[in-house]
Amino acid sequence: MASSLRGKGSRQENTNDKNDNLKQLTLKQTPSGVASASPSEHESKILAELGKLREENREGHEQTRRSLTTLESSMQELKGEMAKLEKRTTEAEKRIGASEDNGMRHQRAIRYLLHREMDLTARCEDLQNRSRRNNLRIYRVPEGSEGNDAKAFVKELIHSVLQSMADVNIQIERAHRSLTAKPKNPNAAPRSLVVRFQDYSVKDAVLRQAWSQRQVLYKAEPIFFDHDYSPELQKKRAQVREVIKQLKQKNIRAKCIYPAQLRVITEDGEKTYSTLTHALPALRELGIQTRVDERERMESELSRYRWSIAGERRGINPAVLSAKDLRAFFSGDE
């Protein structure tokens with residue numbers, strides 16, 4: 001048993017000795033420089049790669065820093081531009097607000113001027129028609145019939161064509177043809193004769209007598225007597241008379257009331273409209289077509305606006321500019 005163990009131990013030692021000898025022979029056969037150089041070259045490559053990475057990292061960092069610097073400068077420029085835009089926006093808002101205030105002030109001024117113009121026009125029309133109260137117009141008298149003395153002709157005409165006026169003392173201040181161009185066409189309607197009486201009662205008596213006769217003839221031709229209204233009022237009354245003609249065709253009684261009001265008489269009673277604009281809804285229901293003057297429509301709208309606002313603001317006249325608006329206009333403040 002002991003001999004066998006000794007045999008195994010000697011064989012193992014022999015094997016170890018053979019391996020050591022083989023290693024020594026291998027080292028002797030291999031050059032010493034090759035064995036030591038392989039690890040150094042690998043490390044050099046690694047170091048070179050690390051250097052490249054470090055250089056690339058440095059360049060990327062530098063590029064990033066430059067980009068951040070450019071971005072920061074761009075942000076500063078944007079902040080400056082935003083500040084400028086904010087300032088300009090604030091100034092624009094102020095100017096827009098001032099313009100809106102001026103626009104509202106101008107609207108009030110225009111409304112005030114329109115009301116004033118409407119009132120003054122109405123007063124002038126009223127004064128003009130009052131100054132014509134003693135005047136009378138005679139239509140359809142042939143041109144040249146008056147000769148050189150229109151006053152004497154008109155006096156003789158009234159005495160001859162109007163009944164019960166032969167013994168009336170007619171005092172005429174002046175008489176002449178209407179101030180329009182004499183028609184060149186002999187078949188055209190002659191100009192009217194304008195007659196001014198010294199006494200209004202005489203003029204009124206002549207007009208009533210002419211209307212009561214229904215038909216007044218001069219040289220077998222009909223002539224007509226009427227008030228001497230202003231041109232504007234004549235135009236309005238002509239529009240009302242046109243509506244009255246259409247109403248009569250529908251067997252509806254109507255009258256033209258001074259100055260140019262329309263009175264419609266139906267089975268339900270009488271109704272008077274101050275203007276054709278106010279009568280438009282009722283006329284449409286009756287099937288009457290009429291054209292209203294644009295100025296009359298505007299005046300009607302202004303009048304309605306004035307009264308509606310006056311009802312909302314008691315004690316305040318909307319057609320009067322405030323002291324603040326007047327100061328702004330006269331001082332030039334915008």
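Residues numbered from 1 in each chain as written. Predicted model: local features only at pLDDT ≥ 70, side-chain atom pairs only at ≥ 80, totals over all residues. Heavy atoms only, no water.

Looking at this model, I keep getting lost on the nonpolar core. Mind explaining?
General note: in soluble globular proteins, nonpolar side chains tend to be found buried as a group. Residues Ile138, Val154, Leu162, Phe197, Val206, Ile223 and Phe225 are the most contacted members of the largest nonpolar core, which totals 25 residues. Only β1 (135-139), α3 (150-161), β2 (172-177), β3 (193-197), α4 (200-212), β4 (216-218) and β5 (221-227) provide two or more residues apiece to this core. Sequence-distant contacts of isoleucine 138, that is, excluding residues within four places in its chain, are made with Val154, Leu157, Ser192, Leu193, Val195, Ile223, Phe224 and Phe225. The next biggest cluster of nonpolar side chains, apart from the first, holds 18 residues, and it includes Leu233, Leu247, Ala254 and Ala279. (Core = buried A, V, L, I, M, F, W, Y, C linked by side-chain atoms within 4.5 Å. Buried < 20%, exposed > 50% of the residue type's maximum accessible area, 1.4 Å probe, protein only. Helix = DSSP H or I, 4+ residues; strand = E, 2+ residues; numbered from the N terminus. Contact = heavy atoms within 4.5 Å.)

How should the sheet that holds strand β7 (residues 261-266) be read in this particular structure?
Strand pairs in the sheet, formed through backbone hydrogen bonds, run parallel or antiparallel to each other. Strand order across the open sheet formed by three strands is β6-β7-β8, with antiparallel pairing between neighbours. Because the sheet does not close on itself, it has two edges, and the strands there are β6 (253-257) and β8 (269-273). Within the sheet, the average angular offset between the axes of one strand and its neighbour, ignoring direction, is 20°. Pairing of β6 with β7 involves five bridges; the strand directions are antiparallel. Bridged to isoleucine 257 within β7 is glutamine 261. (Pairing = 2+ DSSP bridges. Axes fitted to C-alpha atoms, helices over the stretch in contact; angles between N-to-C directions.)

Even after reading the chapter, I still don't get the pairing of β7, so can you show me in this structure?
Both faces of the sheet carry side chains from a regular strand, because those side chains alternate between them. Where β6 folds back onto β7 in an antiparallel hairpin, the turn is made up of three residues. Here β7 runs beside β8; their pairing, made up of five bridges, is antiparallel. Within β8, the residue paired with arginine 263 across the bridge is threonine 272. Turn length for the β7-β8 hairpin, with the two strands adjacent in sequence and antiparallel, is two residues.

I would appreciate a short explanation of the environment of alanine 181 in the present structure.
Along the chain, the position of alanine 181 falls in the loop between β2 and β3. On a C-alpha basis, the gap between alanine 181 and arginine 191 in space is 8.6 Å, while along the polypeptide they are 10 residues apart.

Can you walk me through the sheet that holds β1 in this structure?
Pairing is antiparallel across the open sheet formed by five strands, whose spatial order is β2-β3-β1-β5-β4. Here the strands that pair on one side only, and so sit at the sheet edges, are β2 and β4. Averaged over all pairs of adjacent strands, the angle between strand axes in this sheet comes to 30°, irrespective of strand direction. Bridge analysis of β2 against β3 gives five bridges, and the strand direction is antiparallel. In the strand pairing of β3, arginine 174 is matched with arginine 196. In this fold α3 packs onto β1, β2, β3, β4 and β5, with an angle of close to 100° to the strand it touches most, β2. Packing of α4 onto the sheet brings it into contact with β1, β3, β4 and β5, and relative to β5 it is tilted by some 140°.

What should I look at first to understand the packing of aromatic side chains in this one?
Here the distance between the centres and the angle between the planes together describe a pair of aromatic rings. The tally for this structure, following the rule as stated, stands at two aromatic pairs. A ring pair is formed by phenylalanine 153 and tyrosine 218, whose centres lie 6.0 Å apart and whose planes are at 85°; its orientation type is edge-to-face. In this pair, phenylalanine 153 sits in helix α3 while tyrosine 218 sits in strand β4, placing the two residues 65 residues apart along the sequence. Of the two residues examined, phenylalanine 153 and tyrosine 218, each falls in the buried class. The lysine or arginine in question, arginine 133, covers the ring of tyrosine 200, its NZ or CZ lying 4.6 Å from the ring centre. (Phe/Tyr/Trp six-rings, centres within 6.5 Å; stacked < 30°, edge-to-face > 60°. Lys NZ or Arg CZ within 6 Å of the ring centre and 35° of its normal.)

Where do I start with the environment of arginine 111 in this structure?
Mapped onto the fold, arginine 111 is located in helix α2 (residues 32-131). As for arginine 111 and leucine 321, which are separated by 210 residues in sequence, their C-alpha atoms are 9.3 Å apart.

What am I meant to see in α3 here?
Quick reminder: α-helices carry 3.6 residues per turn. Residues three or four places apart thus point the same way. Over its 12 residues, α3 runs 16 Å from end to end, which matches the ideal 16 Å to within 8%, given 1.5 Å per residue. Those residues of α3 that sit buried are Ala150, Phe153, Val154, Leu157, Ile158 and Val161. For α3, the arc enclosing every buried residue in end-on projection is 130°, short of the 170-degree limit, so these residues lie on one face. Facing away from the buried side of α3, by more than 90 degrees, are the exposed residues Glu156 and Ser160. Residues of α3 that are buried in the fold lie against β1, β2, β3, α4, β4 and β5. (Expected span 1.5 Å × (residues − 1). Arc of directions from axis to C-beta.)

Just to check I follow, could you spell out the confidence of the model for the protein for this structure?
Close inspection of predicted coordinates is inappropriate in any region flagged by low pLDDT. Looking at the protein as a whole, its pLDDT mean stands at 83, while 82% of the residues score no less than 70. Low pLDDT (under 50) marks residues 1-13, which in the prediction has zero contacts with non-local residues, meaning those over four places away or in another chain. (pLDDT = per-residue confidence, 0-100.)

Any chance you could explain the pattern of salt bridges here in plain terms?
For side chains of opposite charge, pairing can occur when their charged atoms come near one another. Summed over the entire model, instances satisfying the criterion amount to 12 salt bridges. Its salt-bridge partner being arginine 132, residue aspartate 228 comes within 3.2 Å of it at the nearest N-O pair. Note that aspartate 228 is positioned in the loop between β5 and α5 (231-249) and arginine 132 in the loop between α2 and β1, a separation of 96 residues in sequence. For aspartate 228, a relative accessible area of 5% puts it in the buried group. Notably, a salt bridge pairs arginine 174 with glutamate 173, separated by 3.4 Å at the nearest N-O pair. What makes glutamate 173 partly exposed here is its relative accessible area of 39%. (Salt bridge = Lys/Arg side-chain N within 4 Å of Asp/Glu carboxyl O.)

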